[in-house]
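Chain by chain, the residues run as shown.
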Amino acid sequence: RHNSFSEDYSLRPGGNAYYDYEDAVTSLIHSNSGKMHVGFGRSTKSFLKEEGVGDAGVSAIVFQIGGKTACFIVFDANNALASFRKVLLKRFSSKFHFVDLFTTDTHSVNNLSGVHNPLGQNCPVEKLVAAGEEAVNLALADMEIVEVFAQTRQVSVKVLGTNRQNELLSTLNSIVSIARIIAPIVFVV
């Protein structure tokens, strides 16, 4: 749900909803819930960037496992109005056990009206919902049994901390000191 804000729900690392999601995935990995079906669909409807949708358009993926279905509707957009999200979810909530709107965080639509160009602001909601509905219907028609494998590993990652920050600053200071001497010579030559 990156960059698809709502006032009542947020899925961010460290939040309760995120840990609930992680626990659900972990329980699926360790369960024998039966066969998993997945379907994918992409809407054929086209949008102008001024409408808030990028070139990748609208797609949907549907998962079915253990008698439950989940649907993710993905718009190539940067953020979404909470009011649009509510309309979209209401349209599909009766078809699935879980449905949600995702955006890709494309910045191609931001060049038109600054950094804030949420989905549903510059395009009729009905057009956006129709594209979502087409993508969902195509995904449902595409359902097939899949095999799933999941594995976790721990990796060591170096991050910019106090030690790295000091090394970076001293390196930059050295570069600036040398540049003060060399730059005038380069310009004269």
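It should be noted that the structure appears before, not after, this text.
Described below are features of the structure shown in this document. For every chain, the first residue of its written sequence is number 1, and the numbers climb from 1 along that sequence. With pLDDT at 70 or above as the cut-off, local features in this predicted model cover only qualifying residues; side-chain atom pairs require 80 or more to be listed or tallied, and sums for whole chains, interfaces and linings still use all residues. With hydrogens and water set aside, each side-chain value is computed from the structure's full complement of heavy atoms.

## Looking at helix H2 (residues 82-92)
Then step 1. For H2, every residue scored as buried is listed here: Phe84, Arg85, Leu88, Leu89 and Phe92. Considered in projection along H2, the buried side chains sweep an arc of 125 degrees and stay on one side of the axis. Exposed and facing more than 90 degrees away from the buried side of H2 are Lys86 and Lys90.
Then step 2. By definition in these notes, contact holds between two residues if any of their heavy atoms fall within 4.5 Å. Helix and strand assignments follow DSSP, with helices taken as H or I runs no shorter than four residues and strands as E runs no shorter than two, numbered in order from the N terminus. Those residues of H2 that are buried lie in contact with strand E3 (68-75), strand E4 (98-103) and helix H4 (125-141). Working definition: with a 1.4 Å probe on protein chains only, accessible area under 20% of the residue-type maximum means buried, over 50% means exposed, and in between means partly exposed. Starting at the helix axis, one direction is taken to each C-beta atom, and the arc is that of these directions.

## Overview of the environment of valine 109
Then step 1. Here valine 109 shows up in the loop between E4 and helix H3 (110-113).
Then step 2. A sequence separation of 55 residues divides valine 109 from glycine 54, and the C-alpha atoms of the two residues are 6.2 Å apart.
Then step 3. Non-local contacts of valine 109, meaning those with residues more than four positions away in its chain, are made with Lys49, Gly52, Val53, Gly54, Asn78 and Asn117.

## Describing the packing of H2 against H4
Then step 1. Each axis is a line fitted through C-alpha atoms, and for a helix only the stretch in contact is used; angles between axes span 0 to 180 degrees, taken between their N-to-C directions. Running from N to C, H2 and H4 cross one another at 40 degrees; their axes reach a closest spacing of 10 Å. The orientation of H2 with respect to H4, classified from their angle, is oblique. Along this stretch, H2 crosses H4, giving a crossing that reads as right-handed. Contacts from Phe84, Val87, Leu88, Arg91 and Phe92 of H2 reach H4 at Val125, Leu128, Val129, Gly132, Glu133 and Val136.
Then step 2. Charged means Asp, Glu, Lys or Arg here, nonpolar means Ala, Val, Leu, Ile, Met, Phe, Trp, Tyr, Cys or Pro, and polar covers whatever is left, Gly included. Classifying every residue of the contact of H2 with H4 gives eight nonpolar, one polar and two charged. Orientation categories follow fixed angle ranges, with anything under 35 degrees roughly parallel, anything over 145 roughly antiparallel, 65 to 115 roughly perpendicular, and all other angles oblique. Handedness of a crossing is defined here by the sense of rotation of the near helix relative to the far one, left-handed for an anticlockwise turn of less than a right angle and right-handed for a clockwise turn.

## Comments concerning a nonpolar patch on the surface
Then step 1. Judged by side-chain polarity, Ile178, Ile181, Ile182, Ile185, Val186 and Val189 come together as a nonpolar surface patch covering roughly 640 Å² of accessible area.
Then step 2. Owing to a relative accessible area of 86%, valine 189 belongs among the exposed residues under this scheme. Exposure above 30% relative accessible area and the absence of a salt bridge qualify a residue for a patch, where like charges join within 9 Å and nonpolar side chains (Val, Leu, Ile, Met, Phe, Trp, Tyr) within 5 Å. A 1.4 Å probe and the Shrake-Rupley method give the accessible areas. Residues count as covered only by the protein chains that appear here. A side-chain nitrogen of Lys or Arg and a carboxyl oxygen of Asp or Glu constitute a salt bridge if their distance falls within 4 Å.

Spatial relationships are all this shows, so hold off on functional conclusions.
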